[in-house]
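For reference, the chains in residue letters:
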Amino acid sequence: MTNDELQIQLNAQPWPALAGIIATVSVFAIAQGLSYPLLSFILQRQGMSPGTIGLSAAMTPLGFILSAPLIPWLSRRFGAGRTALSCAGLAALLLALIGWQQNALLWFPLRFLLGFAVNPLYVISETWMIALTPPAKRGRIMGVYTSVISAGFALGPLTLTVVGTHGWPPFLVGITAFVLCGLCLLRVLPKLPKFDNGHAQQASVRRFVPRASLLLFAVFTAAAFEQVTLALMSTYGQGYGSPEARISTLLAVFVAGNVALQVPLGMLAERQGSKRALMLCALTTALGCLLLPLSFNSVFAWPIVFVWGATSFGIYTMALIELGERFSGSMLMAGNAAFAMVWGVGGIAGPPVTGAVMELVGIQGFALTLGLLCLALAAAQGIQGRR
């Protein structure tokens, strides 16, 4: 069967393959969501400083950033399926090495390599997801996809409350999750597209960037917003004298909004178009930045943070939908790799920049920085829409 014939068959019956990819992504997200807090807890017990813990955590997104440009080439050279399966196995091995070597210094290169190995698995799976999605239902299916990712990342830390953070049990959960990723892929691999069109040699992250710079700005905004909120909401809340339990619950509500409302936002994109929906998400998130300082210690903070979680990550969902509308084949793979790279940049740059602004202007630098970033995205979207 040729690749074109396979694609016709996939378009007719995509659901088994889609279910397999969603299952792959869900267990992948659990493994990733578990590893970050687990390793931070262990480093804290070893007496490491917050700066060292943060630098150690940054090694994984650094691996994302540096591996991203190589993913289109790896997929062409070895095949997307073989690359993804190899990365699942390598990720399980690296997590086992991290659990075996309880050495903070050795964890720096191991966590970098973990990010380097995990990123192709994530990018290739996401590319398959977009390619398999019927255009008429792309919004709601991508909404399901992003909800599953968020739920998986949230479930990872919750798993630690069951298995604890000592010894091998938490590491075995993560290792098992990566192995399950590979098994899920093996089951559906014959039904997945190959991404070997005639323009494969021209597809690269470098060629993609100038063709979709606004989409990449949207990804940067979503990544920075999420990481800044998770990293600095505690500092912001303490400035209002809010107890830690309330701040933690607000963060849980933030994640809950992300999980709960991506499908409705995806359906909105189907009706209104992804560009208009992205603009709405950016403006709504900016409005939340304006309202939060006025309502933080009131009951209105809860619905604001809930909607914040939905629309801030909705920016990324809309970017994925538009990516699938505009690109296909190997250029779609290059676009997803560029998304992963920019997500890593946004995640690394957002917290320190926002923290510096908070030191200059006070705690309201938190909402100010995030609000201006979302307004800049909305303005750029509006300018492009007039062209």
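Within an unreviewed UniProt entry, the label attached to the protein reads MFS transporter, and the organism entered is Phyllobacterium zundukense.

Asker: What am I meant to see in helix α14 (residues 329–361) here?
Answerer: The α-helix advances 3.6 residues per turn, and as a result positions three or four apart in sequence lie on the same side. The end-to-end C-alpha distance of α14, which contains 33 residues, comes to 47 Å, matching closely the 48 Å that a straight helix rising 1.5 Å per residue would cover. Considering bend angle alone, the principal kink of α14 is centred on G350 and spans about 30°; proline P351 follows within four residues of it. Within two residues after α14, G362 carries a phi angle of roughly 100°, on the positive side.

Asker: Whenever I open this one, the packing of helix α7 (residues 138–163) against helix α8 (residues 169–188) confuses me. Can you help?
Answerer: Packed helices, taken two at a time, are described by the angle their axes make and the gap between the axes. In the contact formed by α7 and α8, the axes pass within 9 Å of each other and the chain directions differ by 140°. Classified by the interaxial angle, the pair formed by α7 and α8 is oblique. Handedness of the crossing formed by α7 with α8: right-handed. Contacts from T159, L160 and V163 of α7 reach α8 at P169, P170 and V173.

Asker: What am I meant to see in the nonpolar core here?
Answerer: One broad rule of soluble globular proteins: the nonpolar side chains tend to lie buried together. Counting 96 residues, the largest nonpolar core has F208, Y316 and F339 as the members making the most contacts within it. For this core, the element with the highest residue contribution is helix α6 (residues 104–132), accounting for 14 residues. Those residues in contact with F339 that lie beyond four places of it in its chain are F208, L215, L216, V219, Y316, A319, L320 and L323.

Asker: Just checking my understanding: could you explain the packing of aromatic side chains for this structure?
Answerer: The geometry of an aromatic ring pair comes down to the distance between the two centres and the angle between the two planes. Under the counting rule described, the total for this entry stands at 15 aromatic pairs. Considering the side-chain rings of F313 and W343, the 6.0 Å spacing of their centres and the 80° angle between planes classify their relative orientation as edge-to-face. Remark: W343 occurs in helix α14 and F313 occurs in helix α13 (residues 301–326); sequence separation between them is 30 residues. Each member of the pair F313 and W343 is classed as buried.

Definitions and cut-offs
Residues numbered from 1 in each chain as written. Predicted model: local features only at pLDDT ≥ 70, side-chain atom pairs only at ≥ 80, totals over all residues. Heavy atoms only, no water. Helix = DSSP H or I, 4+ residues; strand = E, 2+ residues; numbered from the N terminus. Expected span 1.5 Å × (residues − 1). Bend = angle between axes of the 7 residues up to and from the residue. Axes fitted to C-alpha atoms, helices over the stretch in contact; angles between N-to-C directions. Parallel < 35°, antiparallel > 145°, perpendicular 65-115°, else oblique. Left-handed = near helix turned anticlockwise from the far one by under 90°. Contact = heavy atoms within 4.5 Å. Core = buried A, V, L, I, M, F, W, Y, C linked by side-chain atoms within 4.5 Å. Buried < 20%, exposed > 50% of the residue type's maximum accessible area, 1.4 Å probe, protein only. Phe/Tyr/Trp six-rings, centres within 6.5 Å; stacked < 30°, edge-to-face > 60°.

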